[in-house]
Amino acid sequence: MPLASRLLTDITPLRESPLFRRLWVGTTLSAVGGALTIFALPLQVYDITRSAFAVGALGIVRLVPTLTIGLLGGALTDATDRRKLVLLTTFGQATLAAVLAAQAFAGLSAVWLLYLLAALSSALSAVSQPARRTLIPSLLRPEQLAAGLALNRVSFQVMMTGGPALAGVITAAAGGHLQACYLLDTVSFAGSVYGVARLPAMPPQPGADRPGPRAIAQALGFLRRSPVLAGAFLADLNATIFGLPVALFPAINAERFGGNPTTLGLFTTAIGVGGLVSAACTGPVGRAARQGAVMLGTVAIWGAAFAGFALARPLWLVLGLLALAGAADAITVVLRGTIVQTLTTDQFRGRVTAAEYVVGAAGDSLGQAESGAVGSLTSPTISALSGGIVTVLLAGAIALALPSFARYRSPSVAVRDVTGPPASAADQTAPQET
């Protein structure tokens, strides 16, 4: 096999599964539209208030619905037709985007309305995004799952890297007005509907638990009984809570590069570019048998990269270390998703995937709060350095405390290594388009 084929992300899921291909294309288009609103909403709040605090409050406004509704949304996913649920929440999100566009065209200056729309959108996303992830295992063979999740990560990295730049260009072309961003986001939901509308029905399992606290408690019990799933969640929390110094970027940029806004923008861009390159080169990840050990390794690389970032002085080295962190993060996310979707039974898939989503959102927010608090008590450099070191040490501690996670081997890779690839597609059970 040529080196490029071994290195680049496997696109077999796009070639072999028309259903997955449509879902991936639609999700990508919608994500690009979402990036426009992610750019426009904070800018509109700032234009109205001229307050950095008011802009920062958007994070809390979005986080609270995620934490309160996410797990309940997972229980709803397990108890209903997942395809219909995704379509329903997608129409709801499109309606909210249309309201954002309408208030922008009307020239309203109601910050409370923007907060309300942001909270409602976050609540719908807390249901829709995990539910959308649960569709993928039904569309792909087990050995293609890692490749499918890697392709999803490529979409995310493209959006994160190019979305803000595209939004800036659109806003500039519109004379600084934000209506075009909101309107294009509304239209982009057509891509999401396109990706889901022609999927087969995905009804709940017979005897599915009714949504509610009891169903959530059963899913949490399922997680506690699986040290491998617990290890994947703990490894991710370790990386985000202790090794995510994004809140320190402005202070470090001011200290070392005179507060140049261009340089500050390059910090985030470097992480995005590193993640994009890594997501596009995840071929070896899909063939990795020791997925737990590899995930712990990439978490340690993430922490070490940020520890190095804390001490680096030349701009080229700072950006290189941030790109390395982004590359490690992309692999970590793909492995975490693969482990979660592989080991979770369909009975609990919606709730466990929702828990994964909530853990990711909460970890990011707690990580920014932790690094900012330590940076205020000590210094930004010490905060970034100590957080990176703690991340590396805790990755080792997780390996010692949960040896079954460190030794975990992917069932699909292990079987393929012993028996070789499937003889024919007819032997598989993944649904195909008719």
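Note that the structure is a prediction, hence the values are computed from the model and not measured.

1. Here we look at the overall build of the protein
Stage number 1. Helix and strand counts for the protein come out as 19 helices and zero strands.
Stage number 2. Reported as C-alpha extents along the three principal axes, the dimensions of the protein are approximately 60 × 50 × 45 Å.
Stage number 3. A burial count over the protein gives 50% of its 434 residues as buried.
Stage number 4. Within the protein, contacts between residues at least 6 apart in sequence are counted, and of these 87% link residues at least 24 apart.
Stage number 5. Accessible surface computed for the protein: about 18600 Å², of which carbon and sulfur atoms make up 70%.
Stage number 6. Counting 28 positive and 18 negative side-chain charges, the protein places the averaged centre of each group 2 Å from the other.

2. Considering the packing of aromatic side chains
Stage number 1. The tally for this structure, following the rule as stated, stands at seven aromatic pairs.
Stage number 2. Here F249 and F309 contribute two aromatic rings whose centre-to-centre distance is 5.5 Å and whose plane-to-plane angle is 65°, an arrangement assigned as edge-to-face. Of this pair, F249 sits in helix α11 (residues 249-257) while F309 is found in helix α14 (residues 291-311), placing the two residues 60 residues apart along the sequence. There is no split in this pair, since F249 and F309 are both buried.
Stage number 3. An aromatic cluster of at least three residues, connected via ring pairs, comprises F249, F257, F267, W302, F306 and F309.

3. So, the side chain of S278
Stage number 1. Inspection of the secondary structure assignment puts S278 in helix α12 (residues 261-280).
Stage number 2. Among the residues examined, S278 registers a relative accessible area of 8% and is labelled buried.
Stage number 3. When near neighbours in sequence (up to four residues on either side) are disregarded, S278 contacts A327, A330 and I331.

4. Focus: empty space enclosed by the protein
Stage number 1. Applying the stated criterion across every chain, the model contains one cavity of 30 Å³ or more.
Stage number 2. Here the largest cavity defines a volume of roughly 40 Å³.
Stage number 3. What lines the largest cavity is L23, W24, T27, R132, I136 and N152.
Stage number 4. Of all the elements in the fold, those that place two or more residues in the lining of the largest cavity are α3 (18-49) and α6 (111-139).

5. Regarding the nonpolar core
Side chains of a nonpolar character, in soluble globular proteins, are inclined to be buried together.
Stage number 1. Counting residues in hydrophobic clusters, the biggest one holds 51 residues, and the most contacted among them are F267, F306, F309, L322, I339 and F405.
Stage number 2. Counting residues per element, this core draws most heavily on helix α15 (residues 315-343), which supplies 11 residues.
Stage number 3. If near-sequence neighbours (up to four positions away) are discounted, L322 is found in contact with F249, F267, A270, I271, F306 and F309.
Stage number 4. Among the nonpolar cores identified, the runner-up in size contains 20 residues, and L36, A40, L114 and A167 belong to it.

6. Topic: the packing of helix α7 (residues 145-173) against α15
Stage number 1. Where α7 contacts α15, the two axes come as close as 9 Å, and the packing angle between them is 140°. Between α7 and α15, the angle falls in the class oblique. The interaxial crossing formed by α7 with α15 has right-handed handedness. Contacts between α7 and α15 involve L145, A146, L149, A150, R153 and Q157 from the former and D329, A330, V333, V334, G337, T338, Q341 and T342 from the latter.
Stage number 2. Within the contact of α7 with α15, the residues separate by chemical class into seven nonpolar, five polar and two charged.

7. Quick look at the pattern of salt bridges
Stage number 1. The final tally for this structure, using the stated rule, is 13 salt bridges.
Stage number 2. The closest approach of N and O atoms between R141 and E16, which form a salt bridge, is 2.9 Å. Placement of the pair is R141 in the loop between α6 and α7 and E16 in helix α2 (residues 12-16), with a sequence separation of 125 residues.
Stage number 3. Taking the relative accessible area as the measure of exposure, R141 reaches 16% and is therefore buried.

8. Some details on the confidence of the model for the protein
Stage number 1. When the pLDDT values of the protein are averaged, the result is 86; 92% of them are 70 or greater.
Stage number 2. Mean pLDDT in the protein bottoms out at helix α19 (residues 411-419), which sits at 53, and peaks at helix α5 (residues 82-105), which reaches 96.
Stage number 3. For the stretch residues 415-434, pLDDT sits under 50, and the model shows 24 contacts to residues farther than four places along the chain or on other chains.

9. Here's the deal with helix α10 (residues 227-242)
Stage number 1. When the terminal C-alpha atoms of α10 are compared, their 22 Å separation across 16 residues agrees well with the 22 Å that a helix rising 1.5 Å per residue should span.
Stage number 2. Taken together, the buried positions of α10 are V228, L229, G231, A232, F233, A235, D236, N238, A239, T240 and I241.

10. As for the environment of G176
Stage number 1. With respect to the helices, strands and loops of the structure, G176 is situated in the loop between α7 and α8 (179-197).
Stage number 2. The partly exposed category is assigned to G176, whose relative accessible area is 43%.
Stage number 3. Spatially, the C-alpha atom of G176 lies 44 Å from that of A201, the residues being 25 residues apart in sequence.

11. Quick notes on unusual backbone geometry
It is generally the case that most residues other than glycine have a negative phi and that most peptide bonds are trans.
Stage number 1. A positive phi angle, near 55°, is found at R50, a position not held by glycine.
Stage number 2. With respect to the helices, strands and loops of the structure, R50 is situated in the loop between α3 and α4 (52-79).

12. Description of the environment of A406
Stage number 1. Take A406: it is sitting in helix α18 (residues 403-406).
Stage number 2. For the pair A406 and G292, spaced 114 residues apart in sequence, the C-alpha separation works out to 4.8 Å.
Stage number 3. Excluding its chain neighbours within four sequence positions, the residues that come into contact with A406 are R290, G292, A293, L296 and A399.

Cut-offs and rules
- Residues numbered from 1 in each chain as written.
- Predicted model: local features only at pLDDT ≥ 70, side-chain atom pairs only at ≥ 80, totals over all residues.
- Heavy atoms only, no water.
- Helix = DSSP H or I, 4+ residues; strand = E, 2+ residues; numbered from the N terminus.
- Buried < 20%, exposed > 50% of the residue type's maximum accessible area, 1.4 Å probe, protein only.
- Contact = heavy atoms within 4.5 Å.
- Areas by Shrake-Rupley, 256 points an atom, 1.4 Å probe, with all protein chains shown as cover.
- Lys, Arg positive; Asp, Glu negative; His and termini not counted.
- Charge placed at Lys NZ, Arg CZ, Asp CG, Glu CD.
- Phe/Tyr/Trp six-rings, centres within 6.5 Å; stacked < 30°, edge-to-face > 60°.
- 1 Å grid on protein atoms, 1.4 Å probe; cavity = no way out; pocket = protein on both sides within 12 Å on 5 of 7 lines; lining within 4 Å.
- Points joined across faces, edges and corners; volume = space filled by probe spheres on them.
- Core = buried A, V, L, I, M, F, W, Y, C linked by side-chain atoms within 4.5 Å.
- Axes fitted to C-alpha atoms, helices over the stretch in contact; angles between N-to-C directions.
- Parallel < 35°, antiparallel > 145°, perpendicular 65-115°, else oblique.
- Left-handed = near helix turned anticlockwise from the far one by under 90°.
- Nonpolar A, V, L, I, M, F, W, Y, C, P; charged D, E, K, R; others polar.
- Salt bridge = Lys/Arg side-chain N within 4 Å of Asp/Glu carboxyl O.
- pLDDT = per-residue confidence, 0-100.
- Expected span 1.5 Å × (residues − 1).

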